[in-house]
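An overview of the molecular structure
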Amino acid sequence: MKQKKMLSLTLSQLKNLYQQDFPELVEIATQSLSANEFKDRLSNLLTEQKTASSAISEQIRILIDFDGKCIHELSTGQDIEIQTIGLLWHFLKDSLEQTDMRTDLFIDLYEMLSAWKQVKKRENLFSREELEKACNRWPTGLDPEVRAIRESNKERILHVLIQRIENRKSKIPGRFRFEEGLSYDEKYQIVQDWWNDFRFHLSMAIKTPSELNKFLGQSLSPKTMYMLSYAKKKGMPFFATPYYLSLLNISQEGYDDEAIRSYILYSPELIETYGSIKAWEKEDVVEPGKPNAAGWLLPDGHNIHRRYPEVAILIPDTMGRACGGLCASCQRMYDFQSERLNFEFESLRPKESWEHKLNRLMTYFEEDTQLRDILITGGDALMSQNKTLKHILDAVCRMALRKQKANAERPDGEKFAELQRIRLGSRLPAYLPMRINDELVEILRTFKEKASAAGIKQFVVQTHFQTPLEVTPEAEEAIRKIVSAGWLITNQLVYNVASSRRGHTTKLRQILNRLGVVCYYTFSVKGFDENQAVFTPNSRSLQEQHEEKIFGYMTDEQAKELYRLLETGCNTAENIQTFMKKHQLPFLATDRSVLNLPAIGKSMTFQLIGLTPNGKRILQFEHDGTRRHSPIIDQMGEVYIQENKSLAAYLRQLIQMGEDPEDYATIWQYRQGETESRFSLFDYPDFNFESTDKISNLEVGSLSNH
Ligand code: SF4
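**Some words on the pairing of strand β12 (residues 605–611)**
When you tally the buried positions in β12, you get seven out of seven residues, the bulk of the element. Strand direction decides the pairing type here: β12 and strand β15 (residues 672–673), joined by two bridges, are antiparallel. Bridging across to β15, Gln-607 finds its partner in Gln-672.

Dropping the structure here:
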């Protein structure tokens, strides 16, 4: 049966299908007097059916084993009783038509049983040609048709900007004001010039629903306007620059902008939940003097986040606590809610006390035995002004030198890890590429020269392009400039529904690779309710990994060759292009698809252990065994996560977006995942000394303390 039809069946139609395809299963369900008896009989049936798939027999046994058990769901902290097989028994035995039971659970189980009985053989896996076809559906921001639409968007927005400046001219401080006596054409010319200045976009950023609608040619629906007004009433910030809004397509013709639109316009679920959003990453909840959920002791002040031994995140008390836009699925929404991150630029200017604090934070890195990697982010690291950023980078450089010098006094085996990698986390190459100005590039270039002498070897701008539509001529120029400073650009994207459509991520990888950007992570959206609308089930990530990303996989030899080419940071874009051509690779599959799990970090190693009554999968995760973790990991039991959307609901959403669910029909079979290995470029280089095993700043007590 076609997926579309299957997704629209009623409960009784679905039951008829079970009767037709699995009569023996229906028979044992009808004969069983209890769920336990049904489970026993089902177990026997699994043993008897010699021709059935043994892997799926094993999967069904896992569902049987977990049935009736209570698990602790880590993201919500709730205990859930699993009753997958018990519900199947009810469904097959009784009539559930009068209940509010949905079909999603039984569709997923039907797909599993079909595969078990090998009722329907699926033509697995996309071919390279099919992938190419799917990929070609997605235009990039460099395509002439897309550029033409954006030019006319820009023109419309320039007129709105003129009005806005005129209406507010007496109140706007600073540079973006019209002098008296200018003609309209002169004003138009001036605003056109200002368009190339990132400060203009920040000062003209859109913060209210009515302004947004004006900038989007009054194209927002009454429902969207209602929801955005509700969000405003709830105190939820909104922030979008004129540049970013010019990337949306407000006409009925031309490109599908859902990947951009759903990234800045909030879903009803997000708005509803705002105010009671919990921290997904438990390590982000820090109480003074107490270790965080991963056991790390941190300096006071919410500036350092840490999960792993080697790396810590630095969030400065600067403009870097803001962003160039507010992403609807931001993993730091909890921090925006608590206003630690915000868009009040005046209040974010560094205070005098920041200087002292920065020194204290650098001392933390300096005196830590294991830290060798600093990720400066926010918010957005490049939202900090050039002067402020330079100041922070200089402090990092001095700290790296001090760490190196102190090591000279320590014997081998007792030496501390020295700083090897610095990363700046920024989505501005996508949100506001004009921010990458010459002065910034010079700061990056000079820092690299100085910091190389202090032992730092890896200089990375970790950016976030979500869709090929964000790769505009302006973004291309920003990328070119960063790469010219000898910094590597890595990309991580959030695998939300719009970007999970067949071929979309492949196209993004292709265009970014061509410009010299290497992909790093493809993150599953976290499973909390606020992200319900944009959540893509992890099985789709696995499907993408096995059926699409696979075409960009490299052999070990090829990976080593690429590593050597990229290591120096010279001619990155040209080197990648030549390499891809030589090995006939359509793109470089250097990114890992992972879910950022509360407390245990990034992983895609999981097993399906149950389904909720509305068909959401419950997964048992293991941490990524290929990297070092805090020793607290040894104390953690199994990690269970309930996804926040059923596969059926996801496929229905894709249908709404115009996708053919048949193209995704193999999604059901991905019930088990394994974390991909890391591309060697993202490994730490070896030290030329023996470092200590001692771990400082760690207090691993009982987990019940957290
Ligand atoms: S740029 Fe990053 S921190 Fe800022 S809103 Fe987007 S995801 Fe969140």
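**What to know about the pairing of strand β4 (residues 311–314)**
Along β4, one buried face is formed by Val-311 and Ile-313 and the opposite face, lined by Ala-312 and Leu-314, is buried too. Sheet topology places strand β3 (residues 304–306) next to β4; three bridges connect them, and they run antiparallel. Following the sheet pairing, Ile-304 is matched in β4 by Leu-314. Adjacent in sequence and paired antiparallel, β3 and β4 are bridged by four residues. The pairing of β4 with strand β5 (residues 373–376) spans four bridges and is parallel. If you follow Val-311 over to β5, its bridge partner there is Asp-373.

**What about the packing of helix α20 (residues 386–408) against helix α22 (residues 438–453)?**
At their nearest, the axes of α20 and α22 sit 10 Å apart, and the two run at 5° to each other. Taken together, the axes of α20 and α22 lie roughly parallel to each other. Together, Asn-386, Leu-389, Lys-390, Leu-393, Asp-394, Val-396, Cys-397, Leu-401 and Gln-404 of α20 and Glu-439, Leu-440, Ile-443, Leu-444, Phe-447, Lys-450, Ala-451 and Ala-453 of α22 make up the contact between the two elements. Among the residues forming the contact of α20 with α22, the class breakdown is 11 nonpolar, two polar and four charged.

**Concerning the site of the ligand**
In the region of the ligand, the neighbouring residues are Cys-323, Gly-325, Leu-326, Cys-327, Cys-330, Phe-336, Gly-379 and Arg-427. Its residues assigned to classes, the shell around the ligand shows five nonpolar, two polar and one charged.

**Some thoughts on the nonpolar core**
Grouped together as the largest cluster of nonpolar side chains are 129 residues, with contacts concentrated most on Tyr-266, Ile-376, Val-396, Ile-422, Phe-447 and Trp-487. If we ignore the near neighbours within four places in the chain, the residues touching Ile-422 are Ile-374, Ile-376, Leu-393, Val-396, Phe-447, Ile-456, Gln-458, Phe-459, Val-460 and Trp-487. Grouped together as the second largest cluster of nonpolar side chains are 64 residues, Leu-11, Phe-38, Leu-42 and Trp-280 included.

**Structural notes on the environment of Asn-596**
Residue placement: Asn-596 occurs in strand β10 (residues 592–597). Separated by 316 residues in the primary sequence, Asn-596 and Trp-280 place their C-alpha atoms 8.9 Å from one another. Polar contacts involving the side chain of Asn-596 include one to the side chain of Arg-307, which spans 2.9 Å.

**Let's talk about a negative patch on the surface**
A cluster of acidic residues, Glu-129, Glu-130, Glu-132, Asp-660 and Asp-663, forms a negative patch at the surface. The residue Glu-129 is located in helix α8 (residues 128–135) in this model. By relative accessible area, Glu-129 is classed as exposed at 56%.

**A short note on the domain arrangement of the chain**
Considered domain by domain, the chain is made up of domain 1 (3–67 + 81–117) and domain 2 (282–682). For domain 1 and domain 2, the distance between their C-alpha centres works out to 40 Å. Contacts between the two partners involve 21 residues from domain 1, matched on the other side by 25 residues from domain 2. When the two sides are added together, the surface that domain 1 and domain 2 hide from each other amounts to roughly 2,000 Å², 62% of it contributed by carbon and sulfur. Our count for the contact surface shared by domain 1 and domain 2 stands at two salt bridges. Taking the shortest distance from any N to any O, the salt bridge between Asp-108 and Arg-617 comes out at 2.9 Å. The interface formed by domain 1 and domain 2 contains nine residue pairs in polar contact (both at pLDDT 80 or more). Of all the secondary-structure elements, those providing two or more residues to the side of domain 1 that touches domain 2 are α1 (3–7), α5 (54–66), α6 (84–93) and α7 (104–117). With seven residues, α7 is the largest single contributor of residues to the side of domain 1 that touches domain 2. Classifying every residue of the side of domain 1 that touches domain 2 by side-chain character gives 12 nonpolar, four polar and five charged.

Conventions and cut-offs
- Residues numbered from 1 in each chain as written.
- Predicted model: local features only at pLDDT ≥ 70, side-chain atom pairs only at ≥ 80, totals over all residues.
- Heavy atoms only, no water.
- Buried < 20%, exposed > 50% of the residue type's maximum accessible area, 1.4 Å probe, protein only.
- Helix = DSSP H or I, 4+ residues; strand = E, 2+ residues; numbered from the N terminus.
- Pairing = 2+ DSSP bridges.
- Axes fitted to C-alpha atoms, helices over the stretch in contact; angles between N-to-C directions.
- Parallel < 35°, antiparallel > 145°, perpendicular 65-115°, else oblique.
- Contact = heavy atoms within 4.5 Å.
- Nonpolar A, V, L, I, M, F, W, Y, C, P; charged D, E, K, R; others polar.
- Near = heavy atom within 4 Å.
- Core = buried A, V, L, I, M, F, W, Y, C linked by side-chain atoms within 4.5 Å.
- Polar contact = N/O pair within 3.5 Å; in protein donor to acceptor, adjacent residues only side chain to side chain.
- Patch = residues over 30% accessible without salt bridge, like charges linked within 9 Å, V, L, I, M, F, W, Y side chains within 5 Å.
- Areas by Shrake-Rupley, 256 points an atom, 1.4 Å probe, with all protein chains shown as cover.
- Salt bridge = Lys/Arg side-chain N within 4 Å of Asp/Glu carboxyl O.
- Lys, Arg positive; Asp, Glu negative; His and termini not counted.
- Charge placed at Lys NZ, Arg CZ, Asp CG, Glu CD.
- Domains from an automatic or database assignment.
- Buried area = accessible area lost by both parts, 1.4 Å probe.

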